[in-house]
Amino acid sequence: MVVKSMNKLRKDFLTHLKEEIIAENIERLKDKKFKIVVHMGTCGIASGADEIKKIVDREAKRLNSKEIEIATSGCVGFCSREPMFTVEATGKEPVIYHSLNKDKVKKIFDNHIIKGQIVSELEPILKDSKLSYFYKYQEPRVLHNKGKINPLEIKDYIREDGYRGFLKALEMNDPYEIIKIIIESGIRGRGGAGFPTGKKWEFCYNAISKSGLKYVICNGDEGDPGAFMDRNLLESDPHSVLEGILIAGLAIGSSKGYVYVRAEYPLAIKTLENAINQAKKLGLIGKDILGSGLNFDIEIYQGAGAFVCGEETALLCSIEGKRGMPRPKPPFPANEGLYKEPTLINNVETFSNIPQIILNGAEWFNSVGTDTSKGTKIFALTGAVNNVGLVEVPMGITLRDIVYKIGGGIRGDKKFKAIQMGGPSGGCIPEKYLDTPVDYEKIKDTGAIMGSGGMIVLDEDVCMVDIARFFMDFIQEESCGQCTPCRVGTRRMLEILERITQGKGEEGDIEKLEELGKMIKETSLCGLGKTAPNPVLSTIKYFREDYEEHIETKLSCRRLHRKEKVKKV
Amino acid sequence: MRVIDLPKYDLKKEEIQKVDKAINKSKNKRGALIPVLQEIQRKIGFLPIEAQKKVASGLNIPEKDVYGVVTFYSFFTMIPRGKINIRVCLGTACYVKGGKRIIDRIGRELGINPGETTPDRMYSLQANRCLGACGIAPIIVINDKVCQKVDPAKVMDIIYSYK
Ligand SMILES: Cc1cc2nc3c(=O)[nH]c(=O)nc-3n(C[C@H](O)[C@H](O)[C@H](O)COP(=O)(O)O)c2cc1C
């Protein structure tokens, strides 16, 4: 693809548009004293954000004030405190009110809005308040728009410098310059395996397509249980993902992109659809984009509920309309992908990182992080912590800081037991490794993996054999069944785990699990099988006593549990 | 499940129209099979063999391949869903917070296993993969509404409040 010379490019288009939008905003907001932003992601809505929005509308109407602007945005990441809204007053720090209900909203209107007094008894989140620690240690880069933009409004995204990274990429003389920046930045794939993104782009750039077609695919299958980073990005900042895909298309010389989104995410699909339509209307997706000669189309492809389809070669089968069966690599998708054409596959969060890398430069990106892991990573922090939510942290922060500073420690007066990272391909990290930094290699050394970002904190009440059984059950359900070690081997492992958790474990079971695990890892075809034994092996490694206790006492999880409770009293 | 276990289902006239419409819309597109099946299931609630046969001939794909795809993906179902479709999330966060107890409870109360529909076609129950709403676990989804922080002891009250 040849990008036309710069004088033809409508490069001022975005600058003008942004200025217009800002002017429009100033005009609209000039008489406003307050802006109330209701946060409406999936969790917010499930917790009643819709209803809160209605109450806010009603209250504002009751005051008959022209000084209040009401807006909505995506999620602000603090799931356990939904529903929430932010009150922004001119010239003051924003105040986030959480766990809202009708009475609280009334109180906020009566005091904060009418009298200008922050309602401190509701413990709002503001500078240095107790809950502000949830945000204090975060580094919102990918999530820089959270709470600020309405995901249904492309204008909001453009106001926050949206599509400027893409414009900058369009202005480069040679698409390879884009790839050079991505390589220099050191960014690695956020979908789990951590492959260097720049290198992958370079492979696709160099790949030769006989028909001239290349594809870009955004992997939004997000199958790991306990992970919702990608859902949030698609729901709350969909244009950042689209912009990343456009830049990739330009870099490797592709004209067609797909976003593969799992069917379990209806709001993400709806929001993304709307975003694509708006971008098309502005001429940012489609033919001759901004007068550059670049053609690029983006289409959504809905998954149909199969974990294995997150694996890239299975995903390709699925888009082609077949059962999602992984195939051996090589050939890699970069050379032989969708319909056998060169195909670039990256994760949602990976794409969402790209616009800012182009806009701010490789050095800006890798100014945070460790030697081998640059930038920030988003985690879905859930389970037994006080503060549950979506957090973005600089690589290199320790797990302890995430659990205790951001997560606010363990709920109740329970003891920490483990962090599960990486879902069914990952493992459990015990207390003694809590000072491990977030870093692809260091996490791997513990026996877990960085994974896509699910981070489930488990307390002392959880039986680790049961957790291992849970993941093995999951794998059994989701194995595509084409290779024997994965299909039969995991079934055997599950049987043993079920026996143990039912109090029917036998001497030698642990060794059998280890043996089977090793065999499955070595002989499976795809990543699903190769990593399937990890949750079992890592729990045996660190929590062998949980296994042994079951086997020795011949007690089931329930019995063992009850016994402990009695002991404590 | 084997095909012979399935009740024979004759497509109603308007259902046939919906099936045809879905097929015609995507007929000439590459990789049309899954989107077409999704649309049909959205419109008529499930994918009876009769509909699969029409899809096979309409898209010019062997019947066994259509069936293979329908059985491979967990979102597709050949059993009619109930008027009230209950999905219980069994992701990790929901599991450690009692998701299993919730689904067992519902199954016991309604007298069906996950994947089944009550004979009066009022309720159907499914175990769902992680819905990514872990922050408000454990959750269930009734039709399209997400219910958060569900207490197993009170789950039936929530369900019976839908009529
Ligand atoms: C069983 C299995 C499931 C996977 N699921 C996902 C997924 O849900 N999302 C994702 O982005 N990558 C997933 N992957 C990794 C992809 O195969 C691929 O490496 C990734 O999409 C590449 O993008 P990245 O380099 O930006 O991380 C999965 C891999 C395996 C083996």
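Section: the overall build of chain A
Scanning chain A from N- to C-terminus turns up 23 helices and 13 strands. Here the C-alpha radius of gyration of chain A, 25 Å, is about what a compact globule of 569 residues would show, namely 25 Å. With the C-alpha coordinates aligned to their principal axes, the bounding extent of chain A is approximately 75 × 65 × 40 Å. The buried share of chain A, reckoned over its 569 residues, is 60%. Once local pairs closer than 6 in sequence are excluded, the contacts in chain A between residues at least 24 apart make up 71%. Per element, the accessible surface of chain A, about 22700 Å² overall, is 50% carbon and sulfur. Separation between the mean location of the 83 positive side-chain charges and that of the 80 negative ones in chain A comes to 2 Å.

Let's talk about helix H4 (residues 63-72) of chain B
For H4 of chain B, the complete set of buried residues consists of Val66, Gly68, Val69, Val70 and Phe72 of chain B. Looking at the packing, one finds that the buried side of H4 of chain B touches helix H2 (33-44) and helix H3 (49-59) of chain B.

Structural notes on the interface of chain B and chain A
Many descriptions give the size of an interface as the accessible area lost when the pieces come together. The interface is formed by 35 residues belonging to chain B together with 48 residues belonging to chain A. Note on chain B versus chain A: buried area summed over both sides is about 3300 Å², and carbon and sulfur give 58% of it. By the criterion of area lost to chain A, the three top residues of chain B are Phe72, Thr92 and Arg129 of chain B, representing 21% of everything that side buries. Linking chain B with chain A are two salt bridges.

Here's the deal with the sheet that holds strand E2 (residues 68-73) of chain A
Residues and elements named next belong to chain A. The sheet built from four strands is open, its strands ordered E2-E1-E3-E4 with mixed pairing. The open sheet terminates on both sides in strands that have one partner only, identified here as E2 and strand E4 (95-97). Averaged over all pairs of adjacent strands, the angle between their axes in this sheet comes to 20 degrees, without regard to strand direction. Here strand E3 (residues 85-89) pairs with E4 via three bridges, running antiparallel. Residue pairing for E4: Thr86 is matched across the bridge by Ile96.

Points about helix H1 (residues 12-29) of chain A
Residues and elements named next belong to chain A. Compared with an ideal rise of 1.5 Å per residue, which puts 18 residues at 26 Å, H1 spans 25 Å between its outermost C-alpha atoms and is within 8% of the ideal. Where H1 is concerned, the buried positions are Leu14, Leu17, Lys18, Ile21 and Asn25. Down the axis of H1, the smallest arc covering the buried residues is 100 degrees, so these residues share one side. In H1, those exposed residues whose orientation departs by more than 90 degrees from the buried face are Glu20 and Ile26. As for H1, its buried residues are in contact with helix H6 (154-159) and helix H7 (164-171).

A word on the sheet that holds strand E2 (residues 123-128) of chain B
Residues and elements named next belong to chain B. Read across the sheet, four strands follow the order E2-E1-E3-E4 without closing on themselves; strand pairing throughout is mixed. Across the chains shown, the open sheet's two edge strands, defined by having one partner strand only, are E2 and strand E4 (145-147). Between one strand and the next, the sheet's axes are offset by a mean angle of 25 degrees, whatever the strand orientation. Strand contacts of helix H6 (residues 99-110): strand E1 (84-89), E2 and strand E3 (140-142), with the helix running at about 150 degrees to E1, the strand carrying the most contacts.

About the thresholds
- Residues numbered from 1 in each chain as written.
- Chains lettered and ligands numbered in written order.
- Predicted model: local features only at pLDDT ≥ 70, side-chain atom pairs only at ≥ 80, totals over all residues.
- Heavy atoms only, no water.
- Helix = DSSP H or I, 4+ residues; strand = E, 2+ residues; numbered from the N terminus.
- Rg over C-alpha atoms; globule rule 2.2 N^0.38 Å.
- Buried < 20%, exposed > 50% of the residue type's maximum accessible area, 1.4 Å probe, protein only.
- Contact = heavy atoms within 4.5 Å.
- Areas by Shrake-Rupley, 256 points an atom, 1.4 Å probe, with all protein chains shown as cover.
- Lys, Arg positive; Asp, Glu negative; His and termini not counted.
- Charge placed at Lys NZ, Arg CZ, Asp CG, Glu CD.
- Buried area = accessible area lost by both parts, 1.4 Å probe.
- Salt bridge = Lys/Arg side-chain N within 4 Å of Asp/Glu carboxyl O.
- Pairing = 2+ DSSP bridges.
- Axes fitted to C-alpha atoms, helices over the stretch in contact; angles between N-to-C directions.
- Expected span 1.5 Å × (residues − 1).
- Arc of directions from axis to C-beta.

Read these as geometric descriptors, not functional statements.
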